[in-house]
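Close look at the chain arrangement
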Amino acid sequence: LLLLLTLVRVDILETWETTLPQDAPNHFLINIQPHEAEPLRELLLAGGVESSGFYPTTRGRLQYVNEQRIDPQAYSSPRARRLAAREFSLGFGQPLQVDNRIVQGRWFRPDEAAFSVEQGLAEQLDIKLGDRLVFDVAGQTLSAPVTSLRSVAWDSFNVNFFVQGSPALLQGLPHAVLTSIYLPDDNH
């Protein structure tokens, strides 16, 4: 059994590696301060390094769906309990990332207060199109309706989020910026 598991593990990893594009991001740059984003973008461009984009992000804990307080213990699934209890990295950006697809609803306009939720998270926490989500972000309340559910290609190694907010929601919130890049072995 152990030999079989070892062989299967190696086969799965090799299969997975062959499905990745040669230039899939292999580094994530996190905790970039907003005033550092543009100089970093220019530095990467000058060095011929492409990024997956620069994405504002902040941490937030889901407090309510519609006016129902989130209680992790109320969910029957262990995964749903973990998701309900965790803090999320909320993304804020426009346009929709290339490895995301709208499966229900519509992508938000930059000037409206709205969220887009990854479909697996929505299923686990019973979040539906039109639901109002309320997050606690550093003691501030962030509230908006869900205008879309998305599928996400997590294996792209691009920056992706379970919950994506419209740029209008970011106003006045503390945040950082993150990106992913590909560096060939000779650039390390």
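Scope of this entry: the structure provided in the associated data block. Everything numeric here is computed off the predicted structure, so don't read it as measured data.

So, on to the overall build of the protein chain. In terms of regular secondary structure, the protein chain is built from four helices and ten strands. N-terminal to C-terminal, the α/β element order of the protein chain is α-β-α-β-β-α-β-β-β-α-β-β-β-β. Buried positions account for 40% of the 188 residues belonging to the protein chain. The long-range fraction of contacts in the protein chain, counting pairs at least 24 apart against all pairs at least 6 apart in sequence, stands at 78%.

Tallied over the entire structure, the rule returns six salt bridges. A salt bridge links Arg59 to Glu87, with the shortest nitrogen-to-oxygen separation between them at 3.4 Å. With Arg59 in strand β2 (residues 55-65) and Glu87 in strand β4 (residues 87-92), this residue pair connects regions lying 28 residues apart in the sequence. A single salt-bridge network, built from bridges that share partners, covers Arg106, Arg109, Asp111 and Glu112.

Most of β2 sits out of view: eight of its eleven residues are buried. Relative to strand β10 (residues 176-181), β2 runs antiparallel, the two being bridged by three bridges. Counted as the bridge partner of Thr57 is Ala176 from β10. Sheet analysis places β2 next to β4, joined by five bridges and oriented antiparallel. What sits directly across from Gly60, in β4, is Phe88. Sheet topology places β2 next to strand β7 (residues 132-137); four bridges connect them, and they run antiparallel. Paired with Tyr64 across the two strands is Val134, which belongs to β7. For β2 and strand β3 (residues 68-69), the ladder comprises two bridges, and the chain directions are antiparallel.

It is worth spelling out helix α3 (residues 78-85) at this point. Burial in α3 covers these residues: Ala80, Leu83 and Ala84. Angularly, the buried residues of α3 cover 95° about the axis, an arc narrow enough to put them on a single face. In this fold, the buried residues of α3 make contact with β4 and α4 (119-125). For α3, the N-terminal capping position is held by Ser77, with its side-chain oxygen 3.2 Å away from the main-chain nitrogen of Arg79.

A word on the packing of aromatic side chains. Using the criterion set out here, one finds six aromatic pairs in the structure. Ring centres of Tyr55 and Phe161 lie 6.4 Å apart, and the angle between their planes is 70°; on these two criteria the pair is classed as edge-to-face. With Tyr55 in strand β2 and Phe161 in the loop between β8 (140-152) and β9 (163-165), the pair connects residues that are 106 residues apart, well separated along the chain. Each member of the pair, Tyr55 as well as Phe161, carries the same accessibility label: buried. For the ring pair Phe88 and Phe162, a centre distance of 6.2 Å and an interplane angle of 80° mean the geometry is edge-to-face. Remark: Phe162 occurs in the loop between β8 and β9 and Phe88 occurs in strand β4; sequence separation between them is 74 residues. The two residues Phe88 and Phe162 agree in class, both being buried. Following the ring pairs from residue to residue traces out a cluster consisting of Phe88, Phe115, Phe135, Trp154 and Phe162.

With that out of the way, let us pick up helix α2 (residues 34-46). Three or four residues apart is the spacing at which side chains of an α-helix point the same way, because the helix has 3.6 residues per turn. The set of residues buried in α2 consists of Ala37, Leu40 and Leu44. The arc that holds every buried residue of α2, seen down its axis, measures 80°, which confines them to one face. In α2, the exposed positions that point more than 90 degrees away from the buried face belong to His35, Leu43, Leu45 and Ala46. Buried residues in α2 make contact with β1 (27-32) and β10. Positive phi appears at Gly48, one or two residues downstream of α2, with a value of about 75°.

About the cut-offs
Residues numbered from 1 in each chain as written. Predicted model: local features only at pLDDT ≥ 70, side-chain atom pairs only at ≥ 80, totals over all residues. Heavy atoms only, no water. Helix = DSSP H or I, 4+ residues; strand = E, 2+ residues; numbered from the N terminus. Buried < 20%, exposed > 50% of the residue type's maximum accessible area, 1.4 Å probe, protein only. Contact = heavy atoms within 4.5 Å. Salt bridge = Lys/Arg side-chain N within 4 Å of Asp/Glu carboxyl O. Pairing = 2+ DSSP bridges. Arc of directions from axis to C-beta. Polar contact = N/O pair within 3.5 Å; in protein donor to acceptor, adjacent residues only side chain to side chain. Phe/Tyr/Trp six-rings, centres within 6.5 Å; stacked < 30°, edge-to-face > 60°.

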